[in-house]
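# A closer look at the structure
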Amino acid sequence: MSRRVVVTGLGALTPIGNSVEEFWAGIKEGKVGIDKITKFDTEEFSVKLAGELKEFNPLDYLEFKEAKRMEDFSKYAVVAAKEAFEDSGLNMEEEDPYRAGCIIGSGIGSLQRMRAEHSTLLNKGPSRVKPLFIPMMISNMAAGNVSIKFGLKGKCTNVVTACATGTHCIGDAFKAIKYDDADVIVAGGAESTVDPLGIAGFTSMTALATGTDRLKASVPFDKDRTGFVLGEGSGIVVLEELEHAKKRNAHIYAELVGYGATSDAYHITSPAEDGAGAAKSMEIAIKEAGIESKDIEYINAHGTSTKLNDKFESRAINTVFGERDDLHVNSTKSMTGHMLGAAGAVEFIICVKSVEEGYIHQTVGTENIDEECNVNVQIGSGLNKDIKYALSNSLGFGGHNATLLVKKYEE
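All of the points below concern the structure found in this document. Keep in mind the model is a prediction, meaning the values are calculated, not measured. (Residues numbered from 1 in each chain as written. Predicted model: local features only at pLDDT ≥ 70, side-chain atom pairs only at ≥ 80, totals over all residues. Heavy atoms only, no water.)

## Some remarks on the overall build of the protein
Across its full length, the protein holds 13 helices and 14 strands. In terms of overall size, the protein behaves like a compact globule, its C-alpha atoms giving a radius of gyration of 20 Å where 411 residues would be expected to give roughly 22 Å. Seen through its principal axes, the protein has C-alpha atoms that stretch 60 × 55 × 40 Å. Residue pairs at least 24 apart in sequence account for 80% of intrachain contacts in the protein once pairs closer than 6 positions are excluded. For the protein, the computed accessible surface area is about 16,200 Å², with 49% contributed by carbon and sulfur atoms. Charged side chains of the protein number 44 positive and 59 negative; the gap between the two group centres comes to 4 Å. (Helix = DSSP H or I, 4+ residues; strand = E, 2+ residues; numbered from the N terminus. Rg over C-alpha atoms; globule rule 2.2 N^0.38 Å. Contact = heavy atoms within 4.5 Å. Areas by Shrake-Rupley, 256 points an atom, 1.4 Å probe, with all protein chains shown as cover. Lys, Arg positive; Asp, Glu negative; His and termini not counted. Charge placed at Lys NZ, Arg CZ, Asp CG, Glu CD.)

Printed below as a string of structure tokens:
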């Protein structure tokens, strides 16, 4: 027998705000967090812009010794998880720790630590490589550090599916609670790849925008889009079985009612041209929710601002929904840049807030919709609209597709 799963806690670190409150205010304001890269000298790089965190000091949240043993992606995960955990009102002294889990992923882990220790190996020899190199670098340490921090002794895993990571983590947490493997799971994604190696790698793929106008660098679905902008941060949510949440009088933001996951089985970087895999992912989520495609009013698209992704995702949306003027589509990446493994989790938070407050944000900077992206993209301004169902899509390198379906909470 399946169980209902609700969202009771939210936490976010993003280029437009270091808390959910700041982030959501920035979203409604149409704030763009993309700016000149400050983490390294970009003189030799053709890419000059990224979505970096602003005024973030981990020691405002973590003890010095604690922070010293974590790389940035883990710090981001722990800080966002702390906000989500506190927001949920959970008290682990009153919980069975083996029924409380953690599923948090990172698409890449720590490029910074890999680069630093490789330099040490070459210049100083193998004996000088740090003892904590591996446990600081590997992507599962976001989940590991969060579980240690909060005493979560149940299912503790991390999904690594590139740009679909955060969405798959939340989806797997949903399934675990739905089918009674856990009562509570802290889930999401974290990423920190605004690094010379990260920027160089994506630039070599010709995936990144090279323009210098920060307000027009990430323009999903626009005919003048040239690539994505790398972002960083973390999105973490607390998912909980409904009766468990009600028993402790938790605030319920929304209900998670569907999850789809498919593979294109097509190409290591490009989505399938017909959008069939992404379309099937949406169809699976809709079927699990027990509703019809006409019930969906809003889609937070993967919307990376790359030529292929936006075109093929539009095809997927049209395959499932037809060309509907009443189906609103937007992309949060127009403001945050692409946060890779954290993107899906942050965009899930957007869907939760959108159904809770009845607001669909604009796709900032996008003005001239590409004729091959024939979906109803929300541009120019946000829209106040009561929303019952919202979809969040994520599409990752390797052909990974993931969809989450959020429902306005009703008793």
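There's more to say after this.
## Some details on the packing of aromatic side chains
In this structure the tally under the stated criterion is 7 aromatic pairs. Centre to centre, the rings of Trp 24 and Tyr 359 are 6.1 Å apart; their planes meet at 90°, and the pair counts as edge-to-face. Here Trp 24, found in helix H1 (residues 20–29), pairs with Tyr 359, found in strand E11 (residues 359–360); they are 335 residues apart in sequence, far enough to count as distant. Of the two residues, Trp 24 and Tyr 359, neither departs from the other in class, the shared state being buried. Taken together, a centroid distance of 5.6 Å and an interplanar angle of 25° make the contact between Phe 56 and Tyr 61 stacked. Members of the aromatic cluster, connected to one another through ring pairs, are Phe 56, Tyr 61 and Tyr 76. (Phe/Tyr/Trp six-rings, centres within 6.5 Å; stacked < 30°, edge-to-face > 60°. Buried < 20%, exposed > 50% of the residue type's maximum accessible area, 1.4 Å probe, protein only.)

## A short note on the pairing of strand E6 (residues 184–191)
Within E6, 8 of the 8 residues are buried, which leaves the element mostly enclosed by the surrounding structure. As paired elements, strand E4 (residues 100–105) and E6 share 6 bridges and run parallel to each other. Paired with Ile 104 across the bridge in E6 is Gly 188. Both E6 and strand E7 (residues 233–241) contribute to a ladder of 8 bridges, which runs antiparallel. Bridge pairing in E7 places Gly 189 opposite Gly 235. (Pairing = 2+ DSSP bridges.)

## Points about the sheet that holds E6
Strand order in the open sheet formed by 10 strands is E5-E4-E6-E7-E1-E8-E14-E13-E9-E10, and the pairing between neighbours is mixed. Of all the strands in the sheet, just strand E5 (156–157) and strand E10 (328–330) have a single pairing partner and so form its edges. Pairing geometry for E4 and E5, over 2 bridges, is parallel. Across the sheet, the residue bridging to Ile 103 is Thr 157, located in E5. Lying on the sheet, helix H13 (residues 343–357) is in contact with strand E1 (5–13), E6, E7, strand E8 (254–263), strand E9 (298–300), strand E13 (389–396) and strand E14 (400–407); it crosses E13 at an angle near 170°. (Axes fitted to C-alpha atoms, helices over the stretch in contact; angles between N-to-C directions.)

## Describing the environment of Thr 363
Secondary-structure assignment places Thr 363 in the loop between E11 and strand E12 (383–384). For the pair Thr 363 and Ser 331, spaced 32 residues apart in sequence, the C-alpha to C-alpha distance is 5.5 Å.

## Quick look at the pairing of E1
Where burial is concerned, most of E1 is hidden: 9 out of the 9 residues are buried. In this sheet, E8 lies alongside E1 in antiparallel orientation, the contact comprising 3 bridges. By the bridge assignment, Val 7 is partnered in E8 with Ala 254.

## Digging into unusual backbone geometry
Peptide bonds are trans in most cases, and residues, glycine excluded, mostly fall at negative phi. The backbone of Asp 180 sits at a positive phi, close to 70°, despite the residue not being glycine. Mapped onto the fold, Asp 180 is located in the loop between helix H7 (165–178) and E6. In the Ramachandran plot, Ala 265 falls in the positive-phi region, its phi being about 50° despite a non-glycine side chain. Looking at the secondary structure, you find Ala 265 in the loop between E8 and helix H10 (276–289).

## Brief notes about helix H6 (residues 141–150)
Summarising burial for H6: 8 of the 10 residues are buried, a large majority. For H6, the complete set of buried residues consists of Met 141, Ala 142, Ala 143, Gly 144, Asn 145, Val 146, Ser 147 and Phe 150. Where H6 is buried, its residues touch helix H3 (72–88), E4, helix H5 (133–137), E5 and E6. A positive backbone phi angle near 70° is found at Gly 151, which sits one or two residues after H6.

## Brief notes about the nonpolar core
If you look at the biggest cluster of nonpolar residues, it comprises 52 residues, and the most contacted ones within it are Ile 170, Leu 239 and Phe 348. Top contributing element to this core by residue count: H13, with 9 residues. The residues contacting Phe 348, other than those within four sequence positions of it, are Val 7, Ile 170, Val 237, Leu 256, Ser 392, Leu 404 and Val 406. One finds Met 70, Tyr 76, Ala 84 and Leu 90 within the second-largest nonpolar core, a separate group that totals 30 residues. (Core = buried A, V, L, I, M, F, W, Y, C linked by side-chain atoms within 4.5 Å.)

## A word on the packing of H10 against helix H11 (residues 307–321)
Where H10 meets H11, the axes come as close as 8 Å, and the angle between the chain directions of the two elements is 40°. Between H10 and H11, the angle falls in the class oblique. When you trace H10 past H11, the crossing you get is right-handed. Of the residues in H11, those touching H10 at Ala 278, Ala 279, Met 282, Glu 283 and Ile 286 are Ala 316, Ile 317, Thr 319, Val 320 and Phe 321. Classifying every residue of the contact of H10 with H11 gives 8 nonpolar, 1 polar and 1 charged. (Parallel < 35°, antiparallel > 145°, perpendicular 65-115°, else oblique. Left-handed = near helix turned anticlockwise from the far one by under 90°. Nonpolar A, V, L, I, M, F, W, Y, C, P; charged D, E, K, R; others polar.)

## Concerning the pattern of salt bridges
Tallied over the full model, the rule gives 30 salt bridges. With its nearest N and O atoms 2.7 Å apart, the salt bridge here joins Glu 117 to Arg 113. Taken as a pair, Glu 117 and Arg 113 lie in helix H4 (residues 111–124) at a separation of 4 residues, close to a single helical turn. Across the pair, Arg 113 and Glu 117 agree in class, each one buried. Glu 243 serves as the salt-bridge partner of Lys 246, at 3.8 Å between the closest nitrogen and oxygen. Remark: Glu 243 and Lys 246 occur in helix H9 (residues 242–247); sequence separation between them is 3 residues, near one turn of the helix. Within this structure, Arg 3, Arg 99, Asp 180 and Asp 183 form a network of salt bridges that share partners. (Salt bridge = Lys/Arg side-chain N within 4 Å of Asp/Glu carboxyl O.)

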